[in-house]
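Secondary and tertiary structure notes
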Amino acid sequence: MKSEELLHCLVGNTFAFSCHKEIRCFNKCCAALQLVLTPYDILRLKNRLGMSSGQFLETHTITRFDRHPRFPMVLLKMALDASQACPFVSSDGCTVYDDRPGACRIYPLARAAQKADPEKAVREKFFVVKEEHCMGFEEERVWTVESWMSDQGLDEYNGMNDRWLEIISSSRSLGSKEDIPRKLQMFFMVSYNLDRFRSFLFGSRFFQLFQVPDEVRHGVENDDMALMSFGFDWLKFSLFGLPTVQPKSPA
C-alpha cells in the first residue's frame, strides 16, 4: 500500500488510539520504514547512543536525493535481513524511547507543515495514519491532537524542526549553478553533522570574519542545541544571503 493511501483526514479534532505491549500488533509498525530524520532527531539519537554525529550517520542512516526537490534527506537505516526492523526496536519496545524521532512520537498522526516565512505562523494539517496491521484504533482512549502532542513530548521537537522547515520550504534561489554543490555540502554538514560543523567553526577563521557575540560563541562551543540554533541562522545566510549572520567590517 502506498504511503498516501495510509493517510486519512482527521475528522474533527479527536481520535481513539492506544499502543501497549499487550496489543497484538505491538512493534509491527517499527519495520520497513522510510523514516526521514530531522536535524533534531539526529541530535537526540546520537547523544542518547553516545556517538558522534559522523558515527551515527555512518552507522544508522542512508542519504537520499529523491525525497526533496533541492536538499538531501537522511533516512534511518533499517535491518538488512528479512525483518527490515528498526535498529532500535526490541521485543520490549523501543530502546531509545525517550529520544525517539518526532515521526515515531506523533504516530498514528502525521503532520503536514510548511513555514517558508519566519514572520508567519506554521501552516499545518493533521492526518491519521491507518495501517492494516494496527489494532490501536480499536482501543477506547480518546485523544485530541493537542493532548496527544503534549503526551508524546512533541513541543520541543516541533519547535526545532519548524526552524529547519523554514529553510527546506524556502523558495529563495540558491544562487548560481556553480555554487549549488558547495551550498548543498554546507546544508548537509550543518543539518546532520553537528560535530563536524563545530569543528568547521572553531578550526577556521570563522569568528574572525563574522560577528558572533561572546555568549553565542560560548553556547555554540558547549551546547548542541545552541549550535543547531546558530546553524539554522548560518544556513539562511550561506544558502540564501539573508542577514541572519553579520560579517565583520573590514579593518
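See the structure above.
Residues numbered from 1 in each chain as written. Predicted model: local features only at pLDDT ≥ 70, side-chain atom pairs only at ≥ 80, totals over all residues. Heavy atoms only, no water.

Our next topic: the overall build of the chain. Scanning the chain from terminus to terminus reveals 11 helices and 12 strands. Computed over its C-alpha atoms, the radius of gyration of the chain comes to 20 Å, within 12% of the 18 Å expected for a compact globule of 251 residues. Projected onto its principal axes, the C-alpha positions of the chain cover 70 × 35 × 35 Å. A buried classification covers 43% of the 251 residues belonging to the chain. A sequence separation of at least 24 residues applies to 69% of the contacts in the chain between residues at least 6 apart. With an accessible surface of roughly 14,000 Å², the chain has 51% of that area assigned to carbon and sulfur atoms. (Helix = DSSP H or I, 4+ residues; strand = E, 2+ residues; numbered from the N terminus. Rg over C-alpha atoms; globule rule 2.2 N^0.38 Å. Buried < 20%, exposed > 50% of the residue type's maximum accessible area, 1.4 Å probe, protein only. Contact = heavy atoms within 4.5 Å. Areas by Shrake-Rupley, 256 points an atom, 1.4 Å probe, with all protein chains shown as cover.)

As a further point, take helix 6 (residues 154-168). A turn of α-helix holds 3.6 residues, and therefore any two residues three or four places apart point the same way. The end-to-end C-alpha distance of helix 6 is 20 Å, a good match for the 21 Å that 15 residues give at a rise of 1.5 Å each. The element helix 6 is largely enclosed, with a buried count of 11 among its 15 residues. All of the buried residues in helix 6 are L154, Y157, N158, M160, N161, D162, W164, L165, E166, I167 and I168. (Expected span 1.5 Å × (residues − 1).)

Gaps left between atoms show up when a probe the size of a water molecule is rolled over them. Overall, the coordinates contain one cavity of 30 Å³ or more when judged by the stated rule. Put simply, the largest cavity is a space of about 70 Å³. Lining of the largest cavity is provided by F17, S18, C19, I23, C25, F26, N27, C29, Y107, H133, C134 and G136. When the residues that make up the lining of the largest cavity are grouped by side-chain class, the tally is eight nonpolar, four polar and no charged. (1 Å grid on protein atoms, 1.4 Å probe; cavity = no way out; pocket = protein on both sides within 12 Å on 5 of 7 lines; lining within 4 Å. Points joined across faces, edges and corners; volume = space filled by probe spheres on them. Nonpolar A, V, L, I, M, F, W, Y, C, P; charged D, E, K, R; others polar.)

Next up on the list: helix 7 (residues 180-192). For helix 7, which comprises 13 residues, the first-to-last C-alpha distance of 18 Å matches the rise-based estimate of 18 Å (1.5 Å per residue) to within 8%. Taken as a whole, helix 7 has its buried residues at K183, M186, F187, M189, V190, S191 and Y192.

Empty space within the second largest pocket amounts to approximately 210 Å³. Lining the second largest pocket are R182, Q185, M186, F188, M189, N193, R196, W234 and S238. At the level of secondary structure, the elements contributing two or more residues to the lining of the second largest pocket comprise helix 7 and helix 11 (224-240). Element by element, the count of residues in the lining of the second largest pocket is highest for helix 7, at five residues. Its residues assigned to classes, the lining of the second largest pocket comprises four nonpolar, three polar and two charged.

Before going further, it helps to examine unusual backbone geometry. The amide bond that connects Y107 to the next residue, P108, takes the cis arrangement and shows omega of 15°. The residue P108 is located in the loop between helix 4 (102-106) and strand 8 (109-114) in this model. The phi dihedral of A32 is positive, around 55°, even though this residue is not glycine. A32 gets classed as partly exposed once you look at its relative accessible area, which sits at 46%.

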